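What follows is the residue order along each chain.
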Amino acid sequence: MVLGDIDQNKWSLGLERVKQALERLGHPEKAYRHVLVGGTNGKGSTCIYLERILLASGYRVGTTISPHLTSFTERFRINSCQADEAELEQIRTEIQGVVHDIGLTYFEWCVVLAAVMFARHEVDIGIFEIGLGGRFDASNVMDPAVSVITDISIDHTDYLGSSIRGIAGEKAAIARRGRPLITTAVGEALDVLREHAQNIGADLYEVNQPYPGEVSMKGPVQQLNAALAIRAARALGVDLSRDRLNTALKEAFLPGRLETIGGKVILDVAHNPSSMLVLVAYLETIGFHGAGVFGVLADKDYMTMIHLLDRVCSHIYIAPVKSERSWGEKEMSACIELGNITRCMSITDAYHQASQTGERIVVTGSFYTVGEVRGSVLCVLR
């Protein structure tokens, strides 16, 4: 694996290490324009919608998203195609000697690898998804032509705090003076973005009307994510015809986002209460009432999430995920006391037990959860 020797769970927020690395490498990121996409939920979908719109307009596009489901290379895309692992390994080998003493974290390495890869492929625009927060996220070293912020809700409280105002303030920091800041945020979060934009002189654009056409990805907020991407594209100088826009938005795809496999299994990376609420709303609209497979990280509001999931599930099978940050016996025992829940040894075991019910299945709670099941289900289907 390209970054197999780097601890994926070690976070050290800050910009100086990436700045130093890019400076030593001759600033490869200056060869193209940047778009930063932050927010709590819907960042990945918005990135992919924007990517497809730009491609349909004749631009060469690099996109980096996180985290991945089953393969590290999912994080890096050139013109909508997943990166080649051998190329990523070669880039790391070539630049390792230049930056080895800086102490880049896993996510910082991802940003640097993307910056270099995009330059080598001569992209016109690089789309960078913010990994955590905004102010001190490694991607915020970029100089975005456009900054985009999706909805804002409570998540990552150990890093960002427990108030909407505080979280919105961290995410607002990806805006730049004299440049567009485009958002679908509402309420108190929108108030914070308005204040910040006014203070620094950014041009704020509020998107509150969903795209009226058809989009490829499912769920009640996808039309709004698409509208956000359309507004960002226009800020970059793109104005597609309706037909070409419709085609572009129908081609967008991200695995594990309300993805249905085999007509029976629904996968969705609803990893916090707000995204779980969106998932449950979708399941209610399609009349879903089946088995649930749920695994989550310990720092999430798992009690709220499982209460929501219980609204549409006849039974829920829970298990730890393959991460040092997984919830444990204490957290799972608290959920079992709610009833209608079975504790399993692993996510694979939980999925197997859910399959034996003969019901439709929803798999959710974490990227780790969805990734483990998706890989095994696709292997069977092949």
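Asker: How would you explain the nonpolar core if you had to name every residue and give the values?
Answerer: Core analysis: the largest hydrophobic core is formed by 52 residues, its most contacted members being Phe72, Phe76 and Leu113. Among the elements of the structure, α1 (16–24), β3 (76–78), α3 (85–99), α4 (106–120), α6 (164–172) and α7 (187–200) are those that each provide at least two residues to this core. If one sorts the elements of this core by residue count, α4 sits on top with 13 residues. Those residues in contact with Leu113 that lie beyond four places of it in its chain are Val2, Leu3, Phe72, Phe76, Leu88, Ile91, Arg92 and Ile95. Ranked by size, the runner-up nonpolar core spans 34 residues in total, among them Cys47, Ile125, Leu236 and Val238.

Asker: Which residues make up α4, and what values do they have?
Answerer: With 15 residues, α4 extends 21 Å from end C-alpha to end C-alpha; this agrees with the ideal 21 Å at 1.5 Å per step. Two residues or fewer past α4, Glu122 is found with a positive phi of approximately 55°.

Asker: Requested: an account of the pairing of strand β8 (residues 203–206), with residues and values cited.
Answerer: As judged from the four bridges shared by strand β7 (residues 180–183) and β8, these two strands associate in the parallel manner. If you follow Thr183 over to β8, its bridge partner there is Glu206. Viewed along the sheet, the connection from β7 through α7 into β8 turns out right-handed.

Asker: Tell me about the packing of helix α2 (residues 43–56) against helix α8 (residues 222–235), and name the residues and values.
Answerer: Relative placement of two packed helices is described by the angle separating their axes and the distance separating the axes. Between α2 and α8, the shortest axis-to-axis distance is 8 Å and the interhelical angle comes to 50°. Judged by the inter-axis angle, α2 sits oblique to α8. Considering the relative orientation of α2 and α8, their crossing is right-handed. Only Gln222, Asn225, Ala226, Leu228, Ala229, Ile230, Ala232 and Ala233 of α8 make contact with α2, whose side of the interface consists of Ser45, Thr46, Tyr49, Leu50 and Ile53.

Asker: Help me get a handle on unusual backbone geometry, residues and values and all.
Answerer: Residues other than glycine predominantly adopt negative phi, and peptide bonds predominantly adopt the trans conformation. A cis amide bond links Ser66 with the next residue in sequence, Pro67, at an omega value of -10°. Looking at where Pro67 falls in the secondary structure, it is placed in the loop between β2 (61–64) and β3. Although it is not a glycine, His27 sits at a positive phi angle of roughly 55°. Within the fold, His27 resides in the loop between α1 and β1 (33–38).

Asker: Explain the sheet that holds β7 to me, using residue names and the numbers behind them.
Answerer: Spatial ordering of the open sheet is given by β4-β3-β2-β5-β1-β6-β7-β8, a layout of eight strands whose pairing is mixed. Here the strands that pair on one side only, and so sit at the sheet edges, are β4 (81–82) and β8. Here β2 runs beside strand β5 (residues 125–129); their pairing, made up of four bridges, is parallel. What sits directly across from Thr63, in β5, is Ile127. α2 rests against β1, β2, β3, β5 and β6 (144–149) of the sheet, and its axis sits at about 170° to β5.

Asker: Can you tell me about the state of the cysteines, naming the residues and giving the values?
Answerer: Summed over all chains, the structure comprises zero disulfides. For Cys47, which is in no disulfide, the shortest distance to another cysteine sulfur is to Cys110 and amounts to 14 Å. Using a relative accessible area of 0% as the deciding quantity, one classes Cys47 as buried. Cys344 takes part in no disulfide bond, and the closest cysteine sulfur, belonging to Cys335, lies 13 Å away.

Cut-offs used in this document
- The written sequence of each chain sets the order in which its residues are numbered from 1.
- In view of the model being predicted, local features appear only for residues whose pLDDT reaches at least 70, and side-chain atom pairs are presented and counted only at 80 or more, with totals across whole chains, interfaces and linings using the full set of residues.
- With hydrogens and water stripped out, all remaining heavy atoms of the structure feed into the side-chain values.
- The term nonpolar core refers to a set of buried residues drawn from Ala, Val, Leu, Ile, Met, Phe, Trp, Tyr and Cys, joined through side-chain atoms within 4.5 Å.
- Any residue under 20% of the maximum accessible area for its type is buried, any over 50% is exposed, and the rest in between are partly exposed; the area is computed with a 1.4 Å probe on protein chains only.
- Runs of E in the DSSP output that reach at least two residues are strands. Runs of H or I that reach at least four are helices, and both are numbered from the N terminus.
- Here a residue-residue contact requires only that any non-hydrogen atoms of the pair lie within 4.5 Å.
- By definition here, a helix of n residues has an expected span of 1.5 Å times n minus one.
- A pair of strands is considered paired only if DSSP assigns at least 2 bridges between the two.
- Seen with the strands pointing away from the viewer, any crossover whose path from the first strand over the helix to the second strand runs clockwise is right-handed.
- Each axis is a line fitted through C-alpha atoms, and for a helix only the stretch in contact is used; angles between axes span 0 to 180 degrees, taken between their N-to-C directions.
- Convention used here: angles under 35 degrees read as roughly parallel, angles over 145 as roughly antiparallel, angles from 65 to 115 as roughly perpendicular, and any remaining angle as oblique.
- The sense of a crossing depends on the near helix, which, turned anticlockwise from the far helix by less than a right angle, makes the crossing left-handed and, turned clockwise, makes it right-handed.
- By convention in this document, the label disulfide applies to cysteine sulfur atom pairs within 2.5 Å.

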